[in-house]
Structure formats: structure tokens, C-alpha cells
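The lines below spell out each chain.
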Amino acid sequence: MNLKRTFGALLTILGIIGIIWGAYAFVMGGDGVAVGKFTAAVPFIVGLIFLFSGIQLVKTTKDET
């Protein structure tokens, strides 16, 4: 089991969730709880960072069998 590749996949999934949540909160004008219209950019940006770092981690990790 390659832990780096698994962690990269987890980061990628969390990044996708963050992007979707941030975009939805921005379009809806905030989700009503803690995220306003302009603070919705924070989960979007963090989601982008997670997505790109996860993809990079999966791409650069070599398979060891």
C-alpha cells in the first residue's frame, strides 16, 4: 500500500469538495451559517490548493512493487 498515493487521492477528493462548496456558497450569496458571499472564496482557494497538490503528489509518486 502506497501511503503517498493514498494521501494524494484524499487531497484530490477534499479539493473537489472544497471547490464545489466554495462555488455553491458564492453563487447562493453565502450558505447562511458562517460563510458569506466574499468569504466563500476561502474554501474555494483552499480547495484549489488541495486539488493541485493532490494531483501533483499522485503524479510524482513512483509505484513500488
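No experiment lies behind these values; they were computed from the predicted model shown.

Explain the environment of leucine 51 here, please?
Within the secondary structure, leucine 51 sits in helix H2 (residues 41–60). When the C-alpha positions of leucine 51 and threonine 12 are compared, they lie 4.4 Å apart, and in sequence the two are 39 residues distant. Apart from residues lying up to four places away in sequence, leucine 51 is in contact with Leu11, Thr12, Gly15, Ile16 and Ile19.

Can you walk me through H2 in this structure?
Given 3.6 residues per turn, any residue in an α-helix points the same way as the ones three and four places further on. With 20 residues, H2 should reach 28 Å at 1.5 Å per residue; the first-to-last C-alpha distance of 28 Å fits that figure. Taken together, the buried positions of H2 are Pro43, Gly47, Leu51 and Gly54. Viewed end-on, H2 has its buried residues packed into an arc of 75 degrees, placing them on one side of the element. In H2, the exposed residues that point more than 90 degrees away from the buried face are Val42, Ile49, Phe52 and Lys59.

Scoring rules and cut-offs
- Residues numbered from 1 in each chain as written.
- Predicted model: local features only at pLDDT ≥ 70, side-chain atom pairs only at ≥ 80, totals over all residues.
- Heavy atoms only, no water.
- Helix = DSSP H or I, 4+ residues; strand = E, 2+ residues; numbered from the N terminus.
- Contact = heavy atoms within 4.5 Å.
- Expected span 1.5 Å × (residues − 1).
- Buried < 20%, exposed > 50% of the residue type's maximum accessible area, 1.4 Å probe, protein only.
- Arc of directions from axis to C-beta.

So yeah, pure geometry; function would need other evidence.
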